[in-house]
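Each chain, letter by letter, is given below.
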Amino acid sequence: MSNPKAERQPVLTRHTEAETCSDPSSVMTLLADSDGFTSYRSTFTEGAVGAPAHFHTRASELFFVISGALQVLVGEEIIVLEAGDFLAVPPHTPHAFAAAPHREADVLFVFTPGMGRFDYLRLLGRVMRGEADAKEIAASAELYDNHYVDSPVWRAALADSA
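Described in the following lines is the structure provided in the data block.

Thresholds, definitions, all that
- Residues numbered from 1 in each chain as written.
- Predicted model: local features only at pLDDT ≥ 70, side-chain atom pairs only at ≥ 80, totals over all residues.
- Heavy atoms only, no water.
- Phe/Tyr/Trp six-rings, centres within 6.5 Å; stacked < 30°, edge-to-face > 60°.
- Helix = DSSP H or I, 4+ residues; strand = E, 2+ residues; numbered from the N terminus.
- Buried < 20%, exposed > 50% of the residue type's maximum accessible area, 1.4 Å probe, protein only.
- Lys NZ or Arg CZ within 6 Å of the ring centre and 35° of its normal.
- Contact = heavy atoms within 4.5 Å.
- Polar contact = N/O pair within 3.5 Å; in protein donor to acceptor, adjacent residues only side chain to side chain.

**Observations regarding the packing of aromatic side chains**
Here's step 1: Evaluated as defined, the whole model comprises eight aromatic pairs.
Here's step 2: Measuring from centroid to centroid gives 5.2 Å for F63 and F109, while their planes differ by 65°, and the two rings are edge-to-face. With F63 in strand 5 (residues 60-74) and F109 in strand 9 (residues 105-112), the pair connects residues that are 46 residues apart, well separated along the chain.
Here's step 3: Here the aromatic rings of F97 and F109 are separated by 4.9 Å at their centres, their planes lie at 40°, and the arrangement is tilted. Of the two residues, F97 sits in strand 8 (residues 95-99) while F109 sits in strand 9, which places them 12 residues apart along the sequence.
Here's step 4: For F97, a relative accessible area of 4% translates into the label buried.
Here's step 5: Judged by its relative accessible area of 0%, F109 falls in the buried class.
Here's step 6: By way of ring pairs, the aromatic residues Y40, F44, F63, F97, F109 and F111 are connected into one cluster.
Here's step 7: Between R117 and the ring centre of F111, over which it is positioned, the NZ or CZ distance is 4.0 Å.

**Side note on the environment of Y120**
Here's step 1: Tracing the backbone shows Y120 in helix 2 (residues 118-128).
Here's step 2: By relative accessible area, Y120 is classed as buried at 6%.
Here's step 3: Along the chain, Y120 and H102 lie 18 residues apart, while their C-alpha atoms are 28 Å from each other.
Here's step 4: In contact with Y120, not counting residues within four places along its chain, are I137, S140, Y144, N146 and Y148.

**Side note on the side chain of S140**
Here's step 1: Tracing the backbone shows S140 in the loop between helix 3 (135-139) and helix 4 (141-144).
Here's step 2: A relative accessible area of 8% places S140 in the buried class.
Here's step 3: Of the polar contacts made by the side chain of S140, one reaches the backbone oxygen of I137; its length is 2.8 Å.

**A few points about the environment of P90**
Here's step 1: As for its placement among the helices and strands, P90 is situated in the loop between strand 7 (86-89) and strand 8.
Here's step 2: Looking at P90, the relative accessible area reads 43%, which means it is partly exposed.
Here's step 3: For the pair P90 and T57, spaced 33 residues apart in sequence, the C-alpha to C-alpha distance is 8.8 Å.
Here's step 4: Not counting chain neighbours up to four residues away, the residues in contact with P90 comprise A59 and S60.

**Digging into the environment of I78**
Here's step 1: When you line up the elements, I78 lands in strand 6 (residues 77-82).
Here's step 2: Between the C-alpha atom of I78 and that of F97, which follows or precedes it by 19 residues, the distance is 9.3 Å.
Here's step 3: Once you skip the residues sitting within four places of it in the chain, I78 turns out to touch Q71, V72, L73, V153, W154 and A157.

Note that all results are geometric; they support no functional claim without further evidence.
This is the structure we're talking about:
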């Protein structure tokens, strides 16, 4: 019987070789997309909204703020993560994120387990640039384990920071 841990190989992505995806308010640097984890780095301009309220059924989403500040919905609570802060959001927990009001943010994201999310991130960029229809995102909910929900708390937070 084989040992699945022994079959995994180290993952190295050089910054100079990493693929980037961009939209008008952020740049995503795609770092690793394996069965064990998915990782990317996003830089958000001031006022940039990262993701609407959603949850994952299979993955935990991890946030590490490299610099700046990130406003995050976790369940029904709004928190602000500052540089050096770490947050782990377990499956089935509604969450959303945006650059904190009047701030930029540079954030490392990790999903575990991974599940081939880079195509989803590429799709988001195309939708934000007007190159694809937003209906494609809704149609991909099960494939990429992104399930969008309405959050009056998040809508109010975004309205207050505008």
